[in-house]
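# Chains, contacts and geometry: an overview
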Amino acid sequence: MSEVKTNINWYPGHMAKARRQMEEQLKMVDIVIELRDARMPLASANPMLEELTKNKARLIILNKSDKADSKENQLWVKHFERAILTDSANENITNKVVNEVKDILKAKLEKAKARGIRNKSLRAMVVGIPNVGKSTFINNVVKKKMAKTENRPGVTKSLQWIRINDDLELLDTPGVLWPKLDDQNKAIIMALLGSINDIILDQEELVLYGLEYIKKEYPGLLNKRYDVDETSSDLIEAIGLSKKWLKSEGEVDRERAIKMILTDIRSDKIGRITFEKHESVE
């Protein structure tokens with residue numbers, strides 16, 4: 001596997017502020033809905049959030065499941081105690097999410113009913129690392145555009161309460177990382193899939209890592225997408241040549257090729273790829 005030499009860390013000031021705000025709001029919520037990227041179910045788990053929310057009921061949403069390996073999706077759902085798959089960009093998920101939350105909090109609802117509170121509205125805090133699709137998920141659940149969305153990390157910078165219906169209210173939170181990314185393998189995967197700001201990274205290193213992983217774990221996909229020999233010693237060069245992207249001096253425009261490959265990986269144009277196989281934790 002290609003080695004990424006850059007030490008990856010990204011913790012802008014708004015994330016520290018968001019963490020403090022989330023801690024203050026936790027006492028007001030009944031459950032934490034944690035969004036993870038189905039292509040990296042472990043790398044997209046924030047250990048800081050794990051610690052912060054450990055005393056709350058929790059539902060894991062494996063989002064962007066349409067971009068991940070369908071077989072791996074099923075293995076990861078079974079791995080977690082309570083988890084559901086979503087494609088929040090295209091799927092009608094309101095009933096699925098509301099019903100799952102009510103099921104997890106069934107005992108709490110029954111206690112409220114016994115005290116004469118028959119229509120208790122539940123409150124959920126939606127958390128996750130940057131760019132796992134929290135805002136798109138919320139907009140889909142509420143069935144209107146309530147949260148700002150962009151395909152880059154760090155767009156949501158403040159907390160916002162959003163009512164879904166009489167049963168559920170969501171607290172949208174900014175995507176947060178943690179101050180020190182000790183596991184650089186996970187950091188590389190997060191960077192590759194767009195959860196860390198591209199400005200601080202060497203994109204060629206990321207692309208080489210991604211290409212080598214795909215070649216090893218999903219042989220044939222690169223050939224199918226780019227019509228290249230996967231045994232090439234320089235796949236970026238080979239892909240640039242296949243596209244006939246040459247500079248005036250006849251050299252391959254590597255920058256253009258790298259940008260396209262990175263976009264293709266993130267948008268699943270190469271194929272449905274999971275960058276953390278379930279077998280790695282077995």
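Throughout what follows, the structure given in this document is the object of discussion. (Residues numbered from 1 in each chain as written. Predicted model: local features only at pLDDT ≥ 70, side-chain atom pairs only at ≥ 80, totals over all residues. Heavy atoms only, no water.)

## Topic: the packing of aromatic side chains
Going by this rule: Within 6.5 Å between ring centres, the rings of Phe, Tyr and Trp (the latter by its six-membered ring) count as paired, and their orientation is classed by plane angle as stacked under 30 degrees, edge-to-face over 60, tilted in between. Only when the NZ of Lys or the CZ of Arg is both within 6 Å of the ring centre and within 35 degrees of the ring normal is a charge said to sit over the ring.
This structure, assessed with the given rule, holds 2 aromatic pairs. Where Trp76 meets Phe80, the ring centres are 5.8 Å apart and the plane angle is 25°; that geometry is what we call stacked. Sitting over the face of the ring of Trp161, Arg123 holds its NZ or CZ atom 4.1 Å from the ring centroid. The side chain of Lys277 reaches across the aromatic face of Tyr218, ending 4.9 Å from its centre.

## Considering the pattern of salt bridges
What counts is decided by this rule: Basic side-chain nitrogens of Lys or Arg form a salt bridge, by our definition, when they fall within 4 Å of a carboxyl oxygen of Asp or Glu. A run of H or I in DSSP counts as a helix once it spans at least four residues, and a run of E counts as a strand once it spans at least two, with each numbered from the N terminus. Throughout, exposure labels follow a simple rule: accessible area from a 1.4 Å probe, protein chains only, divided by the maximum for the residue type, with under 20% read as buried, over 50% as exposed, and the rest as partly exposed.
Within this structure, the stated rule accounts for 20 salt bridges. In this structure, Glu169 and Arg123 form a salt bridge, with 3.3 Å as the shortest nitrogen-oxygen distance. Placement of Glu169 in strand E6 (residues 168–172) and of Arg123 in strand E4 (residues 122–127) is noted, with a sequence separation of 46 residues between them. Classification of Glu169 as buried rests on a relative accessible area of 11%. Assessed through its relative accessible area of 23%, Arg123 is described here as partly exposed. Put simply, Asp264 and Arg225 hold a salt bridge, and the shortest N to O gap is 3.3 Å. Residue Asp264 is found in helix H11 (residues 254–266), and its partner Arg225 is found in helix H9 (residues 221–226); the two are separated by 39 residues along the sequence. Using a relative accessible area of 3% as the deciding quantity, one classes Asp264 as buried. By relative accessible area, which is 33% here, Arg225 ends up partly exposed. Because the salt bridges share partners, they merge into one network encompassing Glu34, Arg36, Glu50 and Arg58.

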